[in-house]
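Descriptive analysis of the structure
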Amino acid sequence: MRPGTGDLVIAVDGPAASGKGTLAKRLAAHYGLPCLDTGLLYRMVARAMLDAGHDIHDAAAAERIVGSFDEAGFPEERLRGREIGEAASVVAAMPAVRAGLLARQRRFAAQPGGAVLDGRDIGTVICPEAPAKLFVTATPEVRAARRHKELAGRGETAGFDSILADIRRRDARDSGRSDAPLKAAEDAVILDTSALTIEEVVAAAIEIVERRRGA
Ligand SMILES: Nc1ncnc2c1ncn2[C@@H]1O[C@H](COP(=O)(O)OP(=O)(O)O)[C@@H](O)[C@H]1O
Ligand SMILES: Nc1ccn([C@@H]2O[C@H](COP(=O)(O)OP(=O)(O)O)[C@@H](O)[C@H]2O)c(=O)n1
């Protein structure tokens with residue numbers, strides 16, 4: 001299934017805590033499009049694995065879960081914690097998990113009018129034909145500071161150094177896996193947000209999307 005001509009599909013990829021979710025939601029609001037945070041799907045699989053008492057590295061159990069889990073059973077507050085991000089990146093390296101989540105992401109992208117999706121492989125694998133692709137990044141230190149502040153706001157106490165270590169480990173796992181590794185699509189525009197406010201990022205992204213739409 002591919003989006004039809006004229007549909008605006010915006011792919012937003014990037015590493016952990018780069019601000020891709022924030023940007024994707026803002027772009028969706030600006031263009032009046034539905035938005036899918038694809039990281040939540042991997043977080044749901046991880047949550048279901050842990051809830052069922054499976055070892056997170058058990059690929060056979062993950063394959064069974066991805067074939068049967070119900071998205072409605074996972075409120076977002078059970079998915080955003082620090083250890084679920086880590087567990088999600090373990091199951092996300094399993095080809096059967098990625099294959100099991102592919103069709104629902106493509107269906108979402110194929111909605112009439114278009115959609116915004118954010119993740120790691122939207123521009124490379126899920127929507128390779130998207131007219132607008134953004135790869136959002138920032139230094140590991142800036143991303144760790146953002147995540148530290150976000151987690152503290154939700155009452156999760158973790159030191160800056162351990163969050164930075166999490167981010168580096170997750171970057172290495174996500175970039176190093178063989179199936180759909182984290183990387184910018186060749187036709188993506190890279191947006192380094194290290195020194196930009198959210199408003200500046202949104203404005204730069206809209207300019208890029210407009211350029212691509214007109215291209
Ligand atoms: N440009 C920015 N400057 C400062 N904080 C930001 C910026 N972009 C996002 N944030 C904040 O950083 C945190 C992580 O952003 P989020 O969009 O959830 O990242 P991701 O989806 O890439 O993990 C959030 O608390 C968000 O408000
Ligand atoms: N399209 C996607 C989205 C997430 N993921 C995986 O899911 C994990 C959690 O993704 P996320 O986007 O919710 O994490 P954050 O960037 O918000 O920390 C990532 O570390 C990836 O391993 C993926 O492999 N492909």
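Residues numbered from 1 in each chain as written. Chains lettered and ligands numbered in written order. Predicted model: local features only at pLDDT ≥ 70, side-chain atom pairs only at ≥ 80, totals over all residues. Heavy atoms only, no water.

Counted only if it meets this: UniProt positions are given in the numbering used here, feature names are shortened, and annotations may be inferred rather than shown by experiment.
Taking an unreviewed UniProt entry as the reference, the chain is identified by name as Cytidylate kinase belonging to Bosea minatitlanensis. As its UniProt record puts it under Subcellular location (unreviewed entry), the chain is described as follows: "Cytoplasm". According to its UniProt record, the chain has this under Sequence similarities (unreviewed entry): "Belongs to the cytidylate kinase family. Type 1 subfamily."

**Details of the layout of surface pockets**
Spelled out, the test is: With a 1 Å grid spanning the protein atoms alone, the term cavity applies to any set of points in which a 1.4 Å probe fits but cannot get out, the term pocket to an open set with protein on both sides within 12 Å along at least five of seven lines, and the term lining residue to any residue with an atom within 4 Å of a point. Grid points are joined across faces, edges and corners, and a volume is the space filled by probe spheres set on the points. Runs of H or I in DSSP of at least four residues are treated as helices and runs of E of at least two as strands, each being numbered from the N terminus. Each residue is assigned to one class: nonpolar for Ala, Val, Leu, Ile, Met, Phe, Trp, Tyr, Cys and Pro, charged for Asp, Glu, Lys and Arg, and polar for all the others, Gly among them.
Taken as a whole, the largest pocket spans an internal volume of roughly 790 Å³. Around the largest pocket, the lining is made up of 37 residues, and of these Ala17, Gly19, Lys20, Gly21 and Arg147 lie nearest the centre. Only α1 (20-31), α2 (39-51), α4 (82-91), β3 (114-119), α7 (140-153), α8 (160-176) and α9 (198-214) provide two or more residues apiece to the lining of the largest pocket. Residues belonging to the lining of the largest pocket are distributed by class as follows: 10 nonpolar, 11 polar and 16 charged.

**Topic: the pairing of strand β1 (residues 8-13)**
Which entries qualify depends on this criterion: When accessible area is computed with a 1.4 Å probe and restricted to protein chains, residues below 20% of their type maximum are described as buried, those above 50% as exposed, and intermediate ones as partly exposed. What makes two strands pair is DSSP finding at least two bridges between them.
In terms of burial, β1 is largely enclosed, as 6 of its 6 residues are buried. Side chains of β1 alternate between two faces, with Leu8, Ile10 and Val12 and Val9, Ala11 and Asp13 buried alike. Relative to β3, β1 runs parallel, the two sharing 6 bridges. The residue bridging Val12 from the neighbouring strand is Asp118, located in β3. In terms of strand pairing, β1 meets strand β4 (residues 132-137) through 4 bridges, oriented parallel. When the sheet's bridge partners are listed, Val12 is paired in β4 with Leu134.

**What to know about the sheet that holds β4**
Basically, it comes down to this: For helices, the fitted line uses only the C-alpha atoms of the stretch in contact; every axis is such a line through C-alpha atoms, and the angle between N-to-C directions lies from 0 to 180 degrees.
Taken together, the 5 strands give an open sheet; going across it, the order is β2-β3-β1-β4-β5, and neighbouring strands pair in parallel fashion. Edge positions in the sheet fall to β2 (35-37) and β5 (189-192), since each has one partner strand and no second. Direction aside, neighbouring strands of the sheet carry axes that sit 20° apart on average.

**Considering the site of ligand 1**
Applicable threshold: One heavy atom suffices: a residue is near a molecule or strand as soon as one of its heavy atoms comes within 4 Å of it. Polar contact is defined as a pair of N or O atoms within 3.5 Å, subject to the rule that within protein one atom must be able to donate a hydrogen and the other to accept it, and that residues adjacent in sequence are counted only when both atoms are side-chain atoms. What sets the accessible areas is the Shrake-Rupley method with a 1.4 Å probe; for residues, cover comes only from the shown protein chains. Here the criterion for a molecule occupying a pocket or cavity is that more than half of its atoms lie within 2 Å of the pocket grid points.
Around ligand 1 sit 14 residues, and of these Lys20, Gly21, Thr22, Arg147 and Leu196 come closest. Taking Lys20, its side chain carries an N or O atom lying 2.7 Å from an oxygen atom of ligand 1. Between ligand 1 and Thr22, the relevant distance is 2.5 Å, taken from an oxygen atom to a side-chain nitrogen or oxygen of the residue. Its free accessible area being 560 Å², ligand 1 has 75% of it covered by the protein chains. Mapping ligand 1 onto the cavity grids shows that it belongs to the largest pocket. Looking at the shell around ligand 1, the elements with two or more residues in it are α1, α7 and α9. Partitioned by chemical class, the residues of the shell around ligand 1 number 5 nonpolar, 5 polar and 4 charged.

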